[in-house]
Amino acid sequence: MSIHQTYLKEAILESLESVETGSSPFGAVIVKEGKIVARAHNMVVPNNDPTAHAEIMCIRAACQKLGTFDLTGCVLYTSCEPCPMCLNAIKWANIVEVYYSSDRLDADAIGFRDKVFYEKDILHLHRLISPLSNEVMQKWYQKAGKKPY
């Protein structure tokens, strides 16, 4: 068994714990320098939080443990292909390597709607320009000691 398969198995065990404790079959671990720094599973239903996917929960835990919002050098292992929300959170966290087992079609086959987010845009974005918004952006830009990300 390769090291990647070993870490992926840990993510899958998190997904099993999720199922056994009343949530859905998704789990993740984050590894840095050969050590698991965070593990989490899906908490959408228990937390009544549509953003509480395993990958998001794991990113939050890793950031807290490492004391940073930048997870450069970390690798994410997840039981299922990340949805678009999670993919973008992974990118924001600067994780550039992800390993997964099941995919969006597997999730679709058991009743999850991940696939639809890849196939069509169901969101309607409307821009309303406000000078106040631009003023706030400029105020932050001119602020000393800011931390861009």
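Each remark here, short or long, concerns the structure printed above.
The structure reproduced in this document is the subject of the present report. (Residues numbered from 1 in each chain as written. Predicted model: local features only at pLDDT ≥ 70, side-chain atom pairs only at ≥ 80, totals over all residues. Heavy atoms only, no water.)

## Quick notes on the sheet that holds strand S2 (residues 35-41)
Moving on, step 1. Judged by pairing direction, the sheet is mixed, and its 4 strands sit side by side in the order S2-S1-S3-S4 without closing on themselves. Each end of this open sheet is capped by a strand with a single partner; those strands are S2 and strand S4 (97-102). Direction aside, neighbouring strands of the sheet carry axes that sit 15° apart on average.
Moving on, step 2. Both strand S1 (residues 27-32) and S2 contribute to a ladder of 6 bridges, which runs antiparallel. Within S2, the position partnered with Lys32 by the bridge is Lys35.
Moving on, step 3. Its contacts with the sheet place helix H3 (residues 54-66) against S1, S2 and strand S3 (74-80), and it is angled at close to 140° to S2. (Pairing = 2+ DSSP bridges. Helix = DSSP H or I, 4+ residues; strand = E, 2+ residues; numbered from the N terminus. Axes fitted to C-alpha atoms, helices over the stretch in contact; angles between N-to-C directions. Contact = heavy atoms within 4.5 Å.)

## Details of the pairing of S3
Within a regular beta strand, the side chains point alternately toward one face of the sheet and then the other, so they alternate between its two faces.
Moving on, step 1. The buried fraction of S3 is high, at 7 of 7 residues.
Moving on, step 2. Of the pairings in the sheet, the one linking S1 to S3 comprises 5 bridges and is antiparallel in character. Note on S3: the bridge partner recorded for Ala28 is Thr78.
Moving on, step 3. Of the pairings in the sheet, the one linking S3 to S4 comprises 5 bridges and is parallel in character. Note that in S4 the partner of Cys80 across the bridge is Ser102. (Buried < 20%, exposed > 50% of the residue type's maximum accessible area, 1.4 Å probe, protein only.)

## Points about helix H4 (residues 84-92)
Moving on, step 1. Looking only at H4, the buried set comprises Cys86, Ala89 and Ile90. Viewed along the axis of H4, the buried residues span an arc of 105°, placing them on a single side of the element. Exposed side chains of H4 directed beyond 90 degrees from the buried face belong to Lys91 and Trp92.
Moving on, step 2. Each element contacted by the buried residues of H4 is listed here: H3, S3 and S4. (Arc of directions from axis to C-beta.)

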